[in-house]
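What follows is each chain in one-letter form.
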Amino acid sequence: MYEVIGNTQSRAFRVMWLLEELGQEYTHTPDKPRSGRAAELNPSGKIPVFCDGDAVLTDSTAIMTYIADKHQALTHPCGTVERAKQDALTHQILDEIDGVLWVAARHSMILPEERRVPEVKDSLRWEFERNAAHIAERLEGPFLMGDKMTVPDIILTHCLNWAFASKFTHDQEKLLAYAKAMRGRDAFKAAVGK
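What comes next is a walk through the structure. All values derive from a computational prediction rather than experimental measurement.

### Remarks on the pairing of strand E2 (residues 26-29)
- Relative to E2, strand E1 (residues 2-5) runs parallel, the two being bridged by 4 bridges. Within E2, the residue paired with Ile-5 across the bridge is Thr-29.

### Digging into the sheet that holds E1
- Pairing is mixed in the open sheet, where 4 strands are placed in the order E2-E1-E3-E4. Each having just a single partner strand, E2 and strand E4 (55-58) make up the two edges of the open sheet. For this sheet the average axis-to-axis angle between neighbouring strands, irrespective of direction, equals 20°.
- Of the strand pairs in this sheet, strand E3 (residues 49-52) and E4 are connected by 4 bridges, and their pairing is antiparallel. Residue pairing in the sheet places Val-49 in a bridge with Thr-58 of E4.
- Packed onto the sheet, helix H1 (residues 12-22) meets E1, E2 and E3 and runs at close to 150° relative to E1.
- Where helix H3 (residues 60-71) meets the sheet, it contacts E1, E3 and E4, and its direction lies at approximately 30° from that of E3.

### What about the environment of Pro-142?
- Structurally, the position occupied by Pro-142 is in the loop between helix H5 (120-138) and helix H6 (151-165).
- You can call Pro-142 partly exposed: its relative accessible area is 49%.
- Sequence separation of Pro-142 and Ala-181 is 39 residues, and the distance between their C-alpha atoms is 8.4 Å.
- Not counting the four nearest positions on each side in its chain, Pro-142 is found in contact with Asp-147 and Tyr-178.

### Quick look at the nonpolar core
- Trp-17 and Leu-175 are the most contacted members of the largest nonpolar core, which totals 50 residues.
- For this core, the secondary structure elements donating two or more residues are E1, H1, H3, helix H4 (81-110), H5, H6, helix H7 (173-183) and helix H8 (186-192).
- Excluding its chain neighbours within four sequence positions, the residues that come into contact with Trp-17 are Met-149, Ile-154, Thr-157, Met-182, Arg-185, Ala-187, Phe-188 and Ala-191.
- Ile-5, Ala-38, Ile-47 and Val-49 belong to the second-largest nonpolar core, a separate cluster that totals 5 residues.

### A look at the packing of aromatic side chains
- Evaluation of the coordinates by the stated rule reveals 6 aromatic pairs.
- Ring plane angle 45° and centroid distance 6.2 Å describe the contact between Phe-13 and Trp-17, whose orientation is recorded as tilted. Here Phe-13 and its partner Trp-17 are both found in helix H1, 4 residues apart, which amounts to about one turn of the helix.
- Three or more aromatic residues joined by ring pairs make a cluster, and in this case those are Tyr-2, Phe-50 and Tyr-66.
- Arg-11 extends its terminal NZ or CZ atom over the ring of Trp-102, reaching a point 5.2 Å from the ring centre.

Thresholds applied
Residues numbered from 1 in each chain as written. Predicted model: local features only at pLDDT ≥ 70, side-chain atom pairs only at ≥ 80, totals over all residues. Heavy atoms only, no water. Pairing = 2+ DSSP bridges. Helix = DSSP H or I, 4+ residues; strand = E, 2+ residues; numbered from the N terminus. Axes fitted to C-alpha atoms, helices over the stretch in contact; angles between N-to-C directions. Contact = heavy atoms within 4.5 Å. Buried < 20%, exposed > 50% of the residue type's maximum accessible area, 1.4 Å probe, protein only. Core = buried A, V, L, I, M, F, W, Y, C linked by side-chain atoms within 4.5 Å. Phe/Tyr/Trp six-rings, centres within 6.5 Å; stacked < 30°, edge-to-face > 60°. Lys NZ or Arg CZ within 6 Å of the ring centre and 35° of its normal.

Nothing here speaks to function; it is all geometry.
Put into structure tokens, the structure is as follows:
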């Protein structure tokens, strides 16, 4: 039985959504960072933490890639051109969308107050909007890579929801429609309900 450790308001949601898409059973321990089992199993205390038997994995993207590869679903096979394109999309989203949102979050509530630079958020909003346009250009169909949903679709949708909650806006109609369709998936709704 798999275990996902981390509250659903974090990147743990990505892992839970992937497991729901695959129809895999798992237990959910909704720890916050640096608390409970998260602190016991991950020296940094960061979430998510994923347990597969005795194996303990950290980092949502590494966890999702492991699960997708293990179940040979929501991914292209290793060593293929399609997988290289999938990995490129994953890294683009992590660099250009997730990274921008994470820096904004750090300067809003994570860093000690005396270390925060609220003025950086204007620059980050501009960067997010520009980067969202780049991602929108890459949409090939109902999913980022055409007709097949893959790991980067989960990461991007999670980031777009995070952006909306953080008041990071964009005017990319294709991305807005894409995110709405992704949120309509049964597996997404099941993960939200946890």
